[in-house]
Amino acid sequence: MINIRFPDNSVKEFEAGVSSLEIAESISPALAMQVYASTVNGEVRDLSRPIIEDSSVIFHKWEDREARHTFWHTSAHLLASALEELYAGIKFGIGPSIENGFYYDVDPGEGVVISESDLPAIEARMKELAKEKRKVERIEMSKADALKLFEEKGDEYKTELIRDLEDGTISLYSLGTFTDLCRGPHLPDTANIEAIKLLSVAGAYWKGDEKRKMMTRIYGVSFPKQKLLDDHLKMLEEAKKRDHRRIGKELELFAFSQKVGMGLPLWLPRGADMRQRLIDFMTAELKHRGYTIVSTPHIGNVELYKISGHYEKYGADSFQPMNTPQEGEQFMLKPMNCPHHCEIYNATPHSYKDLPVRMAEFGTVYRYEQHGELHGLTRVRSFTQDDAHHFCEADQMKEEFKSIIDLVQWVFKSLNFSDYKAQISLRDATNKEKYIGNDENWEKAQKAIIEAAGEKGLETKVVEGEAAFYGPKLDFMVRDAIGREWQLGTIQVDYNLPERFDMSYTGADNQKHRPVLLHRAIFGSLERFVAVLIESTAGKLPLWLSPDQVIILPISEKYHDYAKKVLNLLNNYDIRTLIDERSEKIGKKIRDNELKRIPYMLIIGENEERSSTVSVRKQGEGDKGIMKTEEFVDFIREQVKKELE
RNA sequence: GCCGAUGUAGCUCAGCUGGUCAGAGCAGCUGAUUUGUAAUCAGCAGGCCGGGGGUUCGAAUCCCUUCAUCGGCUCCA
């Protein structure tokens, strides 16, 4: 007999070799129906796997990540199983669970294409297989045997994966006739996989290497109940409605033109208004925080980027240099503001008493992003960074770093941005040739970032190998409407440019010293930031930022004069106001302006005119009752003030 | 850049297997209506069916090519 300890610390005895599913059944059959995986002694395991010693057991229901991942992992195998039946000679890469579902990378063979129109048939076969309640069985064998098995099958991808594994026992899982190299865990059988939806097909390089074969990746999601799937699909639909590309068009914020060129956003008047407001908002705060504002040209001599190292690293993948009529002169569209800022630093002598120097610019940069990468406003070829560079002494670095984190937190809070993550990116110590700079400086910089983040109480994820080529960084990431992660703010340490630009300051010892450079952006790029803002608010921008704040809706033409009086009053207080003068019924005017997401509507007719009032209606909420017009002015001003507090 | 898909009026979309297939709704314009909290009515105007080749007696519809967009992959200073 063995002792099984549960999360509530109770202990029960079972026979050795009992499975966690059997334990769940012994507690209650209802529980057994709801669990999909278990954690045994800290390791997530198959429910069907025998437990042979005293152990602690935690059951995972659907609400737990572990349960969903197990469920989706088995679903991926089910997908593979169906594919193996439907496509003779198909070969398999990897098929993991992901945050919202699963995928399988396959090579259907020369000349065979799996496209979205094939998905329903595959899905149908998966459902049939699931209904057969196929058992999922774990098989363990030596690496050599596993290798032999997959070599006989002729599956070169699996054999490659096995060769990469360390020697020892390898686990495989079989589901019906399909056997896969797999660490697990899995569901005991497929009976619970009731609702399945294959979502899309895409290309994906084998092992993420663009030099290797492009596999066909099939994405899907599955649930134990149809209702859950329906809800999930509905949620995806709703998310699509928040897409900034759609809202940007609807609300006439920005546009793209093939004639101007792909990835080059055009800010329409309303979008430009909002963008400028963000710039003003940030600029005011920067002045409070000891920044100076600078301005630099959109192009720079190619030599500048040779000095900075950007030319060597990115020159081939940039917009190519432009030539002047004078021979031998070459200029590049600037892909970065920092080299220009370095030259601003060098334009005047510096003493340790001046440091830190904090230099900010809303600098527009141009990067030749790959064709397939362009995406609305989040990935463009021309964008404006709220860029700044801090030049400081080495021992000021951490404080500067902390002050920047503080600024990011303040800005995000001001904009009600709570759903962001912070990521520290370090270099890949096993692949140093990807980076420039010496070990000592890298170590120092990485340490300073980690400590600064820690001292600001910032919860961070540390990722190795994601650093910029010149230094480690701390990025602030957010998700868009369809779940993609984007980098907004970033803080980066750079020992490299001060070296390359031979920057210096005079210390208290009257000697020349090298400053440390910190790059930082808070919004990141205005384009991307606006995109994320649109998606997180579904286009319902905060009052202070909204291009139009109030629209006056006269009941009929008779009240246009009064409407204009109200308009003038509001305009005098810088409340951005419009009048809807169309000869439409009030219901129609309300509907149209609701859809335009104008924060407040003022309905005025006979009653309002007679009593010098307005009928206030809030976007998305409805009628808020009658107010004296002056009262409304105060109310709006108060709201704006509150938002920016 | 790579894989797959898509591309019809400003927007959302119909147009099956090639032969009144160039359509609808919204937006726009004109007129009527003068309206009380999410769509008043009528009329008009709008498209070389992304561009270029081809197959065919005949192409929005089939093929090739090119451009752009979408979903991914790779990349992201």
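The structure reproduced in this document is the subject of the present report.

Definitions and cut-offs
Residues numbered from 1 in each chain as written. Chains lettered and ligands numbered in written order. Predicted model: local features only at pLDDT ≥ 70, side-chain atom pairs only at ≥ 80, totals over all residues. Heavy atoms only, no water. Helix = DSSP H or I, 4+ residues; strand = E, 2+ residues; numbered from the N terminus. Buried < 20%, exposed > 50% of the residue type's maximum accessible area, 1.4 Å probe, protein only. Polar contact = N/O pair within 3.5 Å; in protein donor to acceptor, adjacent residues only side chain to side chain. Arc of directions from axis to C-beta. Near = heavy atom within 4 Å. Nonpolar A, V, L, I, M, F, W, Y, C, P; charged D, E, K, R; others polar. Salt bridge = Lys/Arg side-chain N within 4 Å of Asp/Glu carboxyl O. Pairing = 2+ DSSP bridges. Axes fitted to C-alpha atoms, helices over the stretch in contact; angles between N-to-C directions.

**Notes on the environment of Glu166**
Counting through the fold element by element, Glu166 comes out in the loop between helix H6 (156-164) and strand E12 (169-175). Looking at Glu166, the relative accessible area reads 71%, which means it is exposed.

**Digging into the side chain of Thr384**
Within the fold, Thr384 resides in strand E23 (residues 382-392). Engagement of the side chain of Thr384 in a polar contact is seen with the side chain of Arg275, the distance being 2.8 Å. Of note is the side chain of Thr384, whose polar atom sits 2.8 Å from the side chain of Thr364.

**Some words on helix H1 (residues 20-27)**
For H1, the set of buried residues is Ser20, Ile23 and Ala24. Down the axis of H1, the buried side of the element spans an arc of 100 degrees, and every buried residue falls inside it.

**Remarks on the protein's contact with RNA strand B**
Of all residues adjacent to RNA strand B, which total 56 residues, the nearest are Tyr205, Met262, Met336, Glu373 and Glu608. Backbone sugar and phosphate groups make up 49% of those atoms of RNA strand B lying within 4 Å of the protein. In this structure, a sugar or linking oxygen belonging to RNA strand B sits 3.3 Å away from a side-chain N or O atom of Tyr219. Lys558 is positioned with one of its side-chain polar atoms (N or O) 2.9 Å from a phosphate oxygen of RNA strand B. For the surface near RNA strand B, the secondary-structure elements that each account for two or more residues are strand E14 (195-205), strand E15 (214-223), helix H11 (310-314), helix H18 (586-595), helix H19 (606-611) and strand E34 (613-618). In terms of residue class, the surface near RNA strand B is made up of 19 nonpolar, 18 polar and 19 charged.

**Describing the side chain of His310**
Looking at where His310 falls in the secondary structure, it is placed in helix H11. Under the relative-accessibility criterion, His310 is labelled buried at 7%.

**Comments concerning the pattern of salt bridges**
Under the definition given, this model contains 55 salt bridges. The salt bridge involving Arg138 is made with Glu140; its shortest N-O contact spans 3.0 Å. When the shortest N-O distance is used, the salt bridge between Asp439 and Arg427 registers 3.1 Å. Here Asp439 is found in helix H14 (residues 439-455), whereas its partner Arg427 is found in the loop between strand E24 (420-426) and H14, with twelve residues between them in sequence. You can call Asp439 partly exposed: its relative accessible area is 39%. Bridged by salt links that share partners, the residues Lys398, Glu399, Lys402, Lys447, Glu451 and Glu455 form one connected network.

**Quick word on unusual backbone geometry**
Cis geometry is found at the peptide bond from Gly184 to Pro185, where omega equals 0 degrees. The residue Pro185 is located in the loop between strand E13 (178-181) and E14 in this model. Going from Leu355 to Pro356, the amide bond is cis rather than trans, its omega being -5 degrees. Examined against the element boundaries, Pro356 turns out to sit in the loop between helix H12 (338-347) and strand E22 (357-366). A positive phi angle, near 75 degrees, is found at Asn9, a position not held by glycine. Here Asn9 lies in the loop between strand E1 (2-5) and strand E2 (11-14). We note that Asp574 has phi near 60 degrees; this positive angle belongs to a residue other than glycine.

**Remarks on the sheet that holds strand E7 (residues 55-61)**
Taken together, the five strands give an open sheet; going across it, the order is E2-E1-E7-E4-E5, and neighbouring strands pair in mixed fashion. Edge strands, defined here as strands with exactly one partner in the open sheet, are E2 and strand E5 (43-45). Averaged over neighbouring strand pairs, the angle between their axes works out to 35 degrees when direction is ignored. Pairing between strand E4 (residues 35-40) and E7: five bridges, direction antiparallel.

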